[in-house]
Amino acid sequence: MRTGIATVCLSGTLEEKLRAAAKAGFGGVEIFETDLVTSSLSPEDVRRLAADLGLGLDLYQPFRDFDSVPDELYRANLRRAEAKFRLMGRLGIDTILVCSNVGTASIDDDALRTEQLHGLAELAAGHGVKVAYEALAWGTYVNDYEHAWRLVADADHPNLGTCLDTFHILSRGWDTEPIEKIPGEKIFFVQVADAPKLSLDVLSWSRHYRVFPGEGQFDLPKFLGHVARAGYDGPVSLEVFNDTFRQADVERTAVDAMRSLIWLEERTAQLAGAAGEERFAMPLRTLPRVAPPTGLNFAEVKAEYPAALERLLAQLGFSPRGEHRTKPVALWTLGDARIVLNRQGAAGVAPGISALGFDVENSVAAAARAVQLRASPVPRPSQADEEILQAVKAPDGTEVFLCQDTAWVEEFGPGEASPLDGASATSPAARIDHINLGQPWQHFDEAVLFYSSVLALTPEASQDVSSPAGLVRSQVMQTRDRSVRLALNLAPWVQSDSVRGTLQDTFLEHIAVEVPDLTVYAAECRGRGLPFLAIPENYYEDLEARFALDPRLLARLRELDLLYDRDDKGEFLHFYTAAVGSVFFEVVQRIDGYDGFGAPNAPVRHAAQFAAQQAR
Ligand SMILES: O=C(O)c1ccc(O)c(O)c1
Ligand SMILES: [Mg+2]
């Protein structure tokens, strides 16, 4: 599949955009008029630069408000078009994109449109240019791709074809099946964008909220399957208008963009392959296929001074399992919950989650897939007799380990005999229930695509949670069987990967452990002096009002600072610890298959943590 990206997707100057697109491996670019007009590079410079970078210049765009106009305006439009055709000759670009007219002064007459498009194509032919006509979702009279195609078919000129853009098609809910009836050679260009489903006018939705494929809610693999079956074999080009991408680091955005197309290509191939179809004119590459992970193997916290964390872990009933044989790293366990405390390269580092291990069927295949999806491998020097662990970096810098087993545990020890070993009936069944990570705002969508494409986690609908410091977007990513649950939080005050905080000084992340009997366990923890996050009394009054709870249970919740929730399946009990550095722990009990994360309690948690931070 030939890949492309519109310059409008990226931040920076035209030169920076071209360099970033080439570096990320794109086959070609669409040049947006504004990027050229505002550039100090001459058209010849742009052409030379693209050739040096091995980048095709696939499309010049947009040409607006051409069709359906009175005669005088039509003549002026042709004059302007001719100037652009000459410019395209200098750039070496052979296709121009013409959008359906969005002006109010246009005329609703298909015969006139056909005639004018034919005239434009005839003029273009003299310059060796092809015209791709695209229905904008908010076009005054032409806003449906089938309508645009009918006009192109009626105009019947070899230099006139259509451009299909997923946003305009899927935002309006048009049926994509009829794409297959358009002859492949009359589809001159294909633009792809994903988007979250929003109740917003289509223009604003399109100009601000498009995201790369796999980061929104459109069914793009189905769309591309239709395009492949139609016989199209040209560029599949990203056209994503997005406020964040326009100001984020250009090279990272280009890599994120490339990952989205690799993912889309694979998904389309899988979907088409599953239907047992023949090969298409457009070749579709696949990747090593991996099953979703089957568990959270470990969580790692990095800290220069781990004493406060060790105290917290001991109060939670974790046992120290000793130091690593060769590295300044320690292991603590509670049942199957494994926490690694890493002091390596931790000078000046306050405690924070630094790595996660996921249980996978085949770590070599999973790592190969990740690298093909442009994830950076984590170099880990290891000794000859140590387990070789495969790891890649997530967008926020968290190291993601792909683990096939827990043989690495043997590299730690000997474990100190913990006074708590065997002291609790609840500990043997403990496991990591979920991990909650804060994400810098510039990389949130990228993180969603990373975890879904690399790790096969499924994104759920995102929710906004109120906090005294701002609104926190919460996005759950999980496996269907819930053996892996990850929650990503976007907090506006997480400034960047390393510089954090304004209103609230640290964005907190957490590791949640599941135990079988939370009230017994919490009382044990209290006995060991565990600092619980204090929950305000108002919360318990509200609980009483919402759920007719047994008064004894309610008293117990109050006494132990426990929180409660219920869904249509079961009940949820949980509590939070005080934070150490940027990390804290949550302990949960899921009763009768409760499936959520206690979302109604999240604002209470944020407010209590905010109060605790202010009090320090
Ligand atoms: O928002 C626009 O104007 C616009 C322009 C060109 C396109 O290809 C498009 O999809 C949207
Ligand atoms: Mg478009």
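Residues numbered from 1 in each chain as written. Chains lettered and ligands numbered in written order. Predicted model: local features only at pLDDT ≥ 70, side-chain atom pairs only at ≥ 80, totals over all residues. Heavy atoms only, no water.

Under an unreviewed UniProt entry, the chain has the name 3-dehydroshikimate dehydratase and belongs to Sinomonas puerhi. In its Function (unreviewed entry) section, the UniProt record describing the chain reads: "Catalyzes the conversion of 3-dehydroshikimate to protocatechuate (3,4-dihydroxybenzoate), a common intermediate of quinate and shikimate degradation pathways." (UniProt positions renumbered as here; feature names shortened; annotations may be inferred.)

When the UniProt feature table is mapped onto this chain numbering, "binding site: a divalent metal cation" (unreviewed entry) sits at E134, D165, Q191 and E239. Spanning 106 residues, the named residues form one tight spatial group whose C-alpha atoms are at most 12.9 Å apart. Considering the arrangement of structural elements, one finds E134 in strand 5 (residues 130-134). With residues near it in sequence (within four places) discarded, E134 still touches L97, V98, C99, S100, C163, D165, H168, Q191 and E239. Structurally, E239 can be placed in the loop between strand 8 (236-238) and helix 10 (250-274). With a relative accessible area of 3%, E239 lands in the buried category. Ignoring any residue separated from it by four or fewer positions in sequence, one finds E239 in contact with A6, V8, C9, E30, F32, Q61, E134, D165, Q191, V192, A193 and R210. (Helix = DSSP H or I, 4+ residues; strand = E, 2+ residues; numbered from the N terminus. Contact = heavy atoms within 4.5 Å. Buried < 20%, exposed > 50% of the residue type's maximum accessible area, 1.4 Å probe, protein only.)

Relative to each other, helix 3 (residues 43-53) and helix 4 (residues 71-91) sit at 40 degrees, their axes nearing to 7 Å. On the basis of the axis angle, helix 3 is oblique to helix 4. Facing helix 3, whose interface residues are P43, E44, V46 and R47, helix 4 presents L87, G89, R90 and L91. (Axes fitted to C-alpha atoms, helices over the stretch in contact; angles between N-to-C directions. Parallel < 35°, antiparallel > 145°, perpendicular 65-115°, else oblique.)

To continue, consider the domain arrangement of the chain. Along its sequence, the chain is organised into domain 1 (3-274) and domain 2 (295-614). Placing a centre on the C-alpha atoms of domain 1 and another on those of domain 2 gives a separation of 43 Å. Contacts between the two partners involve 20 residues from domain 1 and, on the opposite side, 17 residues from domain 2. Both sides together, the interface formed by domain 1 and domain 2 hides about 1,600 Å², and carbon and sulfur atoms give 54% of it. One salt bridge connects E266 with R369, and the closest N-O pair in it is separated by 2.8 Å. Where domain 1 packs against domain 2, one counts 6 residue pairs in polar contact (both at pLDDT 80 or more). Broken down by class, the residue content of the side of domain 1 that touches domain 2 amounts to 9 nonpolar, 6 polar and 5 charged. (Domains from an automatic or database assignment. Buried area = accessible area lost by both parts, 1.4 Å probe. Salt bridge = Lys/Arg side-chain N within 4 Å of Asp/Glu carboxyl O. Polar contact = N/O pair within 3.5 Å; in protein donor to acceptor, adjacent residues only side chain to side chain. Nonpolar A, V, L, I, M, F, W, Y, C, P; charged D, E, K, R; others polar.)

Right, let's get into the nonpolar core. Of all hydrophobic cores here, the largest spans 184 residues; its most connected members are F26, I31, I435, Y451, I511 and F575. Among the elements that take part in this core, helix 10 stands out by supplying 10 residues, more than any other. Split by domain, this core shows at least three residues from each of two domains, domain 1 (3-274) and domain 2 (295-614). Those residues in contact with F575 that lie beyond four places of it in its chain are L518, Y521, A522, C525, L530, F532, D561, L562, L563, F585, E586 and V587. One finds L331, F401, C403 and F412 within the second-largest nonpolar core, a separate group that totals 12 residues. (Core = buried A, V, L, I, M, F, W, Y, C linked by side-chain atoms within 4.5 Å.)

Residues in contact with ligand 1 amount to 15 residues; listed here are only the nearest, R64, E134, H168, R207 and E239. In the model, an oxygen atom of ligand 1 is placed 2.6 Å from a nitrogen or oxygen of the E134 side chain. Measuring from an oxygen atom of ligand 1, one finds a side-chain N or O atom of Q191 at 3.2 Å. Here ligand 1, which alone exposes 290 Å², has 100% of that area covered by the protein. Only strand 3 (56-63) and strand 4 (95-99) provide two or more residues apiece to the shell around ligand 1. Partitioning the shell around ligand 1 into residue classes produces 6 nonpolar, 3 polar and 6 charged. (Near = heavy atom within 4 Å. Areas by Shrake-Rupley, 256 points an atom, 1.4 Å probe, with all protein chains shown as cover.)

Attention now goes to the pattern of salt bridges. Counted by the stated rule, this structure contains 30 salt bridges. Residue R546 is joined to D542 by a salt bridge in which the shortest nitrogen-to-oxygen separation is 3.0 Å. Highlighted residues: R546 and D542, both in helix 15 (residues 537-546), separated by 4 residues, approximately one helical turn. When its relative accessible area of 37% is taken as the criterion, D542 is described as partly exposed. What emerges from the salt-bridge pattern is a single network uniting R431, D433, E514 and R590.

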